[in-house]
Structures are given as C-alpha cells and as structure tokens.
Amino acid sequence: MCGIVGYIGSKDAYPIILNGLKRLEYRGYDSAGICLYNNGKIASKKSKGQISKLEKKISKLKSFSGFMGIGHTRWATHGEPNDNNSHPHSSNSNELHIVHNGIIENYSSLKKELVDKGFVFYTDTDTEVLVNLIEYIQLKEKIKLGEAVQLALNYVVGAYAIAVIDIKKPDEIVVARLGSPLCIGIGDDEYFIGSDVTPFLDHTKNVIYLNDGEMAIIRNHKQTQYRKIKDDSFTNPTVEKLEIDLAKIQKGGFDHFMLKEIYEQPKAVIDTLRGRLKTKSGIIKMSGVDDYIDKFLAANKITIVACGTSWHAGLIAEYMFEKIAKIPVEVEYASEFRYRNPVINKSDIIIAISQSGETADTLAAIKLAKSSGAFVYGICNVVGSTISRETDAGSYTHAGPEIGVASTKAFTTQMTVLYLIAVKLSKSKGVISSKKYREYIYELSSIEKKITKVLGTDNKVKKIANKIKNSTNCLYLGRGYNFPVALEGALKLKEISYIHAEGYPAAEMKHGPIALIDKNMPSIVIATNKLYYDKILSNIQEIKSRKGKIIAIVFEGDKEISKIADETIEVPETIAALTPFVTTIPLQLLAYHIAVKLGKNVDQPRNLAKSVTVE
Ligand code: F6R
C-alpha cells in the first residue's frame with residue numbers, strides 16, 4: 001500500500017522518480033506526487049488520481065528538475081484521496097518534505113501536542129503530523145535531519161517506510177522503515193530508493209534491503225550511514241545482487257499485466273518445480289523442508305495463515321495435507337489469527353503464504369506464532385521480502401514479478417509449492433504407497449502441459465464473458481479441492497469487474513443461496529471431481545429447475561453435465577488434488593474478459609492495492 005521512490009545523484013531526478021512511480025503504481029493509485037530539490041528551491045507537484053494525471057500536470061511546467069527528489073503513489077488511509085492529501089507532505093517551515101507508506105497510529109495525540117505548540121495542519125493525513133514532529137524536534141534540539149528523524153520515530157506508534165529531505169541539506173535523504181518495506185539501490189555515486197526494487201531495476205542491480213527498525217542517512221558523494229532507530233548502534237547491511245530482469249516487469253505485448261500473468265502460468269509452474277522435482281528418480285528436493293524434516297514429521301498440526309487469494313491456496317493445501325500426508329491442518333485468516341489468542345504449541349508448524357511477503361496481517365501472525373515458540377515456514381513470491389526474512393525457513397514460489405493487482409500466477413505457484421510439500425511429507429512419513437507416490441509426481445510433472453491446454457479455451461471463455469457480463473450477481477460452486485477454487489473465482493470477478501459474486505461448496509447451496517437463483521443469476525459450477533460428479537449433477541438440476549443459467553467446468557469428453565449446462569468449458573483430466581490447476585484458469589480468464597468488456601481498469605481495480613502493508 002503506497003509506493004515510495006527517491007533519488008540522489010548527478011542525473012536529472014524527475015524521469016527516474018516518475019518511471020519509478022509508474023512501476024510502483026500497483027501499490028496504490030489514489031493520488032501521486034513528486035518533490036524535487038533544485039538550486040536552493042523545492043519544486044513539488046501532486047495530483048489526485050493516477051500517475052498519468054500527475055505527469056500531464058508536470059509536463060506543463062517549464063523546468064521540473066533537480067538532482068535529488070522523492071515521489072509517492074498513494075493508497076489512501078487517513079484523509080480522502082484529493083490533491084491536498086497527496087504526498088509529499090511538507091513541514092510548516094516548508095523546509096522538510098516527506099513521503100510515507102504506512103500508518104502513524106498515534107497521530108491524533110501527536111497532532112494535538114503539535115497544535116498546542118503552534119503548528120498548523122493543512123491536510124487530514126497522519127504523514128503531515130510526522131514531518132512536523134521531525135521539524136519540531138529539529139528546531140528544539142538544534143540537531144541534524146538524521147538525528148531528528150530518529151528521535152521523532154521513537155515517539156511514533158505504527159508502521160512506516162519514509163524518505164525525508166531537508167532544503168538545508170541538499171545532498172542528503174533520510175530513510176527509515178518499520179513494518180513497511182524499503183530498499184536502497186546502490187548505483188555509481190548515486191542512490192535510488194524504492195518500496196521494492198522495480199523502480200531502479202534499469203539503473204542498478206545492487207540493492208540493500210533495509211531491515212525493520214533500521215534507518216539510513218544517504219549522502220551524495222559520502223558514505224551512507226546505516227543505523228538502528230531505537231538506539232544509536234550502527235548496522236552494516238549486505239549489498240545483494242538482483243537477478244530480476246526488466247522484461248519481467250513489462251507487459252510484453254499483452255493488453256494487461258493480468259492477462260500476461262495468466263498466460264505465464266505454465267512457465268511459472270516449471271520455474272517453481274525447477275531443481276525441486278526430479279521426476280525420474282522420484283525425489284522431491286526442498287531444502288527448507290529437508291533441513292527441518294524432524295520438525296515437520298513431529299508436527300501435531302499445521303496452521304496455515306494468509307489473506308485473500310493466498311488464503312484460498314491455503315484452503316486447497318488443507319485438502320492436500322490431510323488427504324495426502326495425513327497431517328491435520330487449520331487454515332486461518334491472518335487478521336483473525338493474530339487477535340484471537342490462538343492456542344499455539346511448540347510442536348505446531350505455521351505456514352504463512354504471501355505473494356508480496358509484506359502483508360501486514362500475515363506478518364503480525366508470524367510474529368505471534370514465533371513468540372509462542374512455533375516453527376514458521378514462509379511461502380513467498382517476492383525475493384527478499386519481509387516475510388521471507390522473518391520466517392524460520394521457507395520456499396520461494398518463483399512466479400516472477402506479479403504486477404496485476406488480481407493475483408493469478410502467484411496462486412498457481414503457491415499451490416505447486418504446497419503440493420510438493422504435502423507429497424514429500426507423505427513419503428517421509430511413510431503414509432503413501434510407492435505406486436500412489438509415483439502417480440502424484442508424474443501428474444505434477446505434466447500439469448504445465450495441461451495448463452497450456454486450458455489456456456486454449458480463452459476464446460470460448462471470452463464469448464461466455466460477453467453473455468454474462470451484465471449480470472449483477474454470480475454464484476460459484478465447487479466441492480472438495482474445488483470449493484476453494486469457487487471462492488477464488490468469485491474473488492477474481494468481484495475485485496476486477498465489481499460484480500457481486502459468492503463462492504460456495506456446491507452442497508451448501510440448498511441452505512440459503514438457492515433463494516437467489518433466477519434467470520438473471522449465472523452459476524459457475526466446477527464439476528470435474530469424479531467423487532462428487534453425481535452430486536454436482538443434482539445441484540445443477542436444482543439450479544436449472546429454478547431457471548438459473550449454468551456455466552460448467554468439466555473434464556474433456558464429459559457427457560452428462562454438458563447436456564444440461566448452458567455453457568461448458570472443457571479442461572484436461574487430472575487427479576483430484578491437481579484439478580485446481582486446470583479449473584482456476586478459466587475462472588481467471590472469465591473475470592478478466594468480463595472486466596475488460598465492462599471497461600474496468602483490470603490491472604488497477606478501484607480501492608485495491610497489490611501489497612497490503614496496513615491492517
Ligand atoms: C486477490 C489478491 C489479494 C491478495 C491478498 C494477500 O487477487 O491479490 O487478495 O491475495 O492481499 O496478499 P499476499 O499474498 O501478498 O499476502
């Protein structure tokens with residue numbers, strides 16, 4: 001939520017910051033702003049709406065340049081998205097300027113104190129309070145910017161990643177983080193700041209990920225000082241080498257990132273399996289699990305914590321772990337888990353799933369589990385993310401950057417990692433026959449080809465999207481492994497097309513949702529699982545007899561359901577545990593095409609942000 005960017009060096013900062021913000025726009029797009037230092041003066045421009053709007057405003061200015069600057073793209077928390085509440089925010093003297101990602105929880109009490117001291121506030125934001133607190137401390141204590149930022153942050157309760165500049169210090173940017181991500185790109189006598197590495201990928205591959213509770217005083221042509229916020233100790237962070245290349249964060253000829261990412265799924269699954277699945281020898285190699293195998297084998301229970309789509313992957317894993325590895329599993333929304341005093345035993349394993357690796361609730365759930373002595377395993381996509389660092393061990397999903405706000409390939413690769421762990425543990429625990437084990441491995445090794453085949457249904461799905469695009473409600477039904485897929489399909493539709501949709505276990509329909517069925521409400525039914533085939537068929541009949549429309553996802557060659565459904569989408573047959581890989585993709589495509597046909601902003605749906613770093 002919110003993206004921050006900064007630059008200090010000898011190049012023109014404006015294009016660097018503007019392009020950086022465009023890369024971070026997935027983090028929030030309620031408003032944007034840039035502030036540059038040039039020749040003793042600060043030039044600042046902000047605008048409600050997307051970065052393109054800000055760019056238009058700035059292009060009217062004759063010179064908007066400088067060698068140092070900060071920028072922000074906002075997902076509003078305090079104060080409605082308007083020009084005034086947009087970042088950067090400035091102090092009363094107009095000398096300090098700040099961009100901030102996070103929430104200052106005690107901002108109203110700090111604001112009251114500052115008002116009593118004569119400070120005036122022009123916006124509704126918590127950030128304006130922070131910049132004035134820094135100013136107040138700087139003036140009172142007569143100290144340098146870095147020290148004032150450090151002192152101020154010690155009064156603050158909440159989460160932040162900030163970059164601050166001071167007109168009196170034209171060669172310095174002070175950055176700090178707690179609970180929100182921040183990294184520093186190290187160039188040749190120049191520094192880049194970003195909420196993630198994408199803003200500076202085309203300038204440098206050397207990065208320092210600032211740890212939680214750390215700050216840096218970045219000085220042009222001088223040694224950067226890295227220190228803890230809480231005390232005066234210095235830190236010595238390692239410079240890491242980035243391996244992501246620029247092409248991965250571009251649209252590559254697709255109309256939207258979401259469509260590109262849907263189409264990347266076969267490759268993303270191969271990348272996730274690479275080096276882990278040795279089909280010929282039948283070995284699953286996962287160092288994160290191998291190194292802690294005793295803990296996994298001794299676990300009484302696995303609790304999975306996650307949010308949104310990652311939570312849906314967790315629900316599928318519940319079926320996988322219990323059925324394949326015979327380990328009891330609970331799946332919890334991280335936001336609920338963290339506040340309900342869960343009973344956590346030392347022998348429990350917590351698996352935290354997060355694409356971004358920055359989700360605030362998931363991070364808090366991890367910290368809680370760790371404080372109770374549980375072993376925490378992370379499944380993240382973003383390399384170097386906070387969750388990947390905070391967990392005891394883990395696996396990256398290797399989906400590559402996911403830019404579209406609606407999660408697609410991250411989900412598929414999370415399922416891949418979870419399936420690998422479940423099958424691996426089933427073998428280590430000796431709860432699987434070698435025939436079944438080989439079958440599980442073989443099916444996984446061929447799933448990428450089946451996903452590619454499902455992508456071939458795109459045109460058909462597009463036509464179906466055209467037929468149902470004006471519905472105001474949709475019902476998604478599935479059973480077993482495909483109940484979470486129904487939830488995921490409904491979430492995809494809701495978030496990018498703003499059509500209300502609900503996912504249900506098919507049999508639950510009779511207990512309430514059936515009341516909604518009429519000719520205007522399509523039901524999307526996942527009917528691939530053989531075990532439930534007849535039962536789903538009956539559910540479909542029940543909907544049809546109430547004049548409801550049926551779009552069914554069935555295995556290739558299906559006879560029965562195809563006869564009665566209004567539309568069918570055929571997917572290649574696979575084992576039950578892997579059906580979510582082939583059934584999710586038509587639902588992603590359906591949501592995508594409906595949203596495009598309705599003219600919605602697919603990659604940046606309203607009110608959402610890719611990385612939810614606030615509670
Ligand atoms: C839905 C979506 C969100 C995320 C959720 C968790 O398409 O993207 O529901 O899945 O915000 O995010 P991560 O996985 O980054 O923790």
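Owing to the predicted nature of the structure, the values given are computational and were not obtained by experimental measurement.

A.B. asks: Just checking my understanding: could you explain the overall build of the protein for this structure?
C.D. replies: For the protein, the helix and strand inventory stands at 21 helices and 26 strands. Its C-alpha atoms give the protein a radius of gyration of 26 Å, near enough to 25 Å, the size a compact globule of 615 residues would have. For the protein, the spread of C-alpha atoms along the three principal axes comes to 80 × 55 × 45 Å. Restricting to contacts in the protein with at least 6 residues of sequence separation, those with at least 24 account for 70%. Here the protein displays about 24100 Å² of accessible surface, and carbon together with sulfur accounts for 50% of that area. Taking the 81 positively charged and 69 negatively charged side chains of the protein as two groups, their mean positions are separated by 4 Å.

A.B. asks: How should I be thinking about the packing of helix H4 (residues 126-141) against helix H5 (residues 145-153) in this particular structure?
C.D. replies: Packed helix pairs are characterised by how far apart their axes lie and by the angle those axes make with each other. Remark: H4 packs on H5, axes separated minimally by 8 Å, with the N-to-C direction vectors making an angle of 120°. As far as their axial angle goes, H5 and H4 are oblique. Along this stretch, H4 crosses H5, giving a crossing that reads as right-handed. On the side of H4, the interface is formed by Leu 130, Leu 133, Ile 134, Ile 137, Gln 138 and Glu 141, while H5 contributes Leu 145, Ala 148, Val 149, Leu 151, Ala 152 and Leu 153. Split into classes, the residues belonging to the contact of H4 with H5 amount to 10 nonpolar, one polar and one charged.

A.B. asks: What am I meant to see in the domain arrangement of the protein here?
C.D. replies: Buried accessible area, meaning the area lost when the parts come together, often serves as the stated size of an interface. For the protein, the domain assignment lists domain 1 (3-243), domain 2 (250-445) and domain 3 (454-605). Between the C-alpha centres of domain 1 and domain 3 the distance comes to 45 Å.

A.B. asks: Looking at this structure, I do not really get a positive patch on the surface. What am I missing?
C.D. replies: Judged by side-chain charge, Lys 48, Lys 53, Lys 56 and Lys 60 come together as a positively charged surface patch. Inspection of the secondary structure puts Lys 53 in helix H2 (residues 51-59).

A.B. asks: Would you mind going over the site of the ligand with me for this structure?
C.D. replies: Surveying the vicinity of the ligand reveals 15 residues, the closest of which are Ser 310, Ser 354, Ser 356, Thr 359 and Glu 495. Taking Ser 407, its main chain carries an N or O atom lying 2.9 Å from an oxygen atom of the ligand. When isolated, the ligand has an accessible area of 400 Å², and the protein chains bury 89% of it. Of all the secondary structure elements, the ones that give two or more residues to the shell around the ligand are helix H10 (308-325) and helix H18 (483-497). In terms of residue class, the shell around the ligand is made up of five nonpolar, eight polar and two charged.

A.B. asks: Would you mind going over the environment of Gly 548 with me for this structure?
C.D. replies: Mapped onto the elements of the fold, Gly 548 is located in the loop between helix H19 (533-544) and strand S25 (549-555). A residue is classified by how much of its surface remains accessible, and Gly 548, at 3% relative accessible area, is buried. For the pair Gly 548 and Lys 205, spaced 343 residues apart in the sequence, the C-alpha separation amounts to 55 Å. Look past the residues within four positions of Gly 548 in its chain and what remains in contact with it is Ile 517, Asp 518, Met 521, Ile 543 and Asp 566.

A.B. asks: Any chance you could explain helix H16 (residues 447-455) here in plain terms?
C.D. replies: A turn of α-helix holds 3.6 residues, and therefore any two residues three or four places apart point the same way. By the burial criterion, the buried members of H16 are Ile 447, Glu 448, Lys 450, Ile 451, Val 454 and Leu 455. Along the axis of H16, the buried positions cluster into a sector of 160°, meaning they face one direction only.

A.B. asks: Is there a simple way to think about the environment of Gly 185 in this case?
C.D. replies: Within the element layout of this structure, Gly 185 appears in strand S9 (residues 183-186). Placed 149 residues apart in sequence, Gly 185 and Leu 36 show a C-alpha to C-alpha distance of 19 Å. Setting aside its immediate chain neighbours within four residues, Gly 185 contacts Glu 190, Tyr 191, Phe 192, Phe 200, Thr 204 and Asn 206.

A.B. asks: What should I look at first to understand the sheet that holds strand S26 (residues 567-571) in this one?
C.D. replies: Two pairing modes exist for strands in a sheet, parallel and antiparallel, and in both the strands are linked by backbone hydrogen bonds. Pairing within the open sheet is parallel, and its five strands lie in the order S23-S22-S24-S25-S26. Two strands close off the open sheet at either side, each with one partner strand: strand S23 (500-505) and S26. Here the strands of the sheet are splayed against their neighbours by 15° on average, with no regard to which way each runs. Relative to S26, S25 runs parallel, the two sharing five bridges.

A.B. asks: Could you clarify how one ought to interpret the packing of aromatic side chains in this entry?
C.D. replies: Where two aromatic rings form a pair, the distance of their centres and the angle of their planes describe that pair. Counting across every chain of the model gives 11 aromatic pairs. Each ring, one from Tyr 7 and one from Phe 192, has its centre 5.2 Å from the other, and the planes form 50°; the classification is tilted. Taken together, the positions of Tyr 7 in strand S1 (residues 3-8) and Phe 192 in strand S10 (residues 191-194) put the pair 185 residues apart, joining distant regions of the chain. Comparing Tyr 7 with Phe 192 shows no difference in burial state: the two are buried. Here Trp 311 and Tyr 333 contribute two aromatic rings whose centre-to-centre distance is 3.8 Å and whose plane-to-plane angle is 15°, an arrangement assigned as stacked. Within this pair, whereas Trp 311 is found in helix H10, its partner Tyr 333 is found in strand S18 (residues 329-333), the two being separated by 22 residues in sequence. With a relative accessible area of 11%, Trp 311 lands in the buried category. Among the aromatic residues, those joined into a ring-pair cluster are Tyr 292, Phe 296, Phe 375 and Tyr 377. Directly above the aromatic system of Tyr 437 lies the positively charged group of Lys 427, at a separation of 4.7 Å from the ring centroid. A cation over a ring is seen here: Arg 606 above Tyr 498, with NZ or CZ 3.9 Å from the ring centre.

A.B. asks: Help me understand the pairing of S18 in this model?
C.D. replies: Remark: a regular strand shows side chains that alternate across the two faces of the sheet. By the bridge criterion, five bridges tie strand S17 (residues 302-306) to S18 in an arrangement that is parallel. Considered in S18, the bridge of Thr 303 is made with Glu 330. Read from S17 through H10 to S18, the crossover connection turns out right-handed.

What counts and how
- Residues numbered from 1 in each chain as written.
- Predicted model: local features only at pLDDT ≥ 70, side-chain atom pairs only at ≥ 80, totals over all residues.
- Heavy atoms only, no water.
- Helix = DSSP H or I, 4+ residues; strand = E, 2+ residues; numbered from the N terminus.
- Rg over C-alpha atoms; globule rule 2.2 N^0.38 Å.
- Contact = heavy atoms within 4.5 Å.
- Areas by Shrake-Rupley, 256 points an atom, 1.4 Å probe, with all protein chains shown as cover.
- Lys, Arg positive; Asp, Glu negative; His and termini not counted.
- Charge placed at Lys NZ, Arg CZ, Asp CG, Glu CD.
- Axes fitted to C-alpha atoms, helices over the stretch in contact; angles between N-to-C directions.
- Parallel < 35°, antiparallel > 145°, perpendicular 65-115°, else oblique.
- Left-handed = near helix turned anticlockwise from the far one by under 90°.
- Nonpolar A, V, L, I, M, F, W, Y, C, P; charged D, E, K, R; others polar.
- Domains from an automatic or database assignment.
- Patch = residues over 30% accessible without salt bridge, like charges linked within 9 Å, V, L, I, M, F, W, Y side chains within 5 Å.
- Salt bridge = Lys/Arg side-chain N within 4 Å of Asp/Glu carboxyl O.
- Near = heavy atom within 4 Å.
- Polar contact = N/O pair within 3.5 Å; in protein donor to acceptor, adjacent residues only side chain to side chain.
- Buried < 20%, exposed > 50% of the residue type's maximum accessible area, 1.4 Å probe, protein only.
- Arc of directions from axis to C-beta.
- Pairing = 2+ DSSP bridges.
- Phe/Tyr/Trp six-rings, centres within 6.5 Å; stacked < 30°, edge-to-face > 60°.
- Lys NZ or Arg CZ within 6 Å of the ring centre and 35° of its normal.
- Right-handed = clockwise from strand over helix to strand, strands pointing away.

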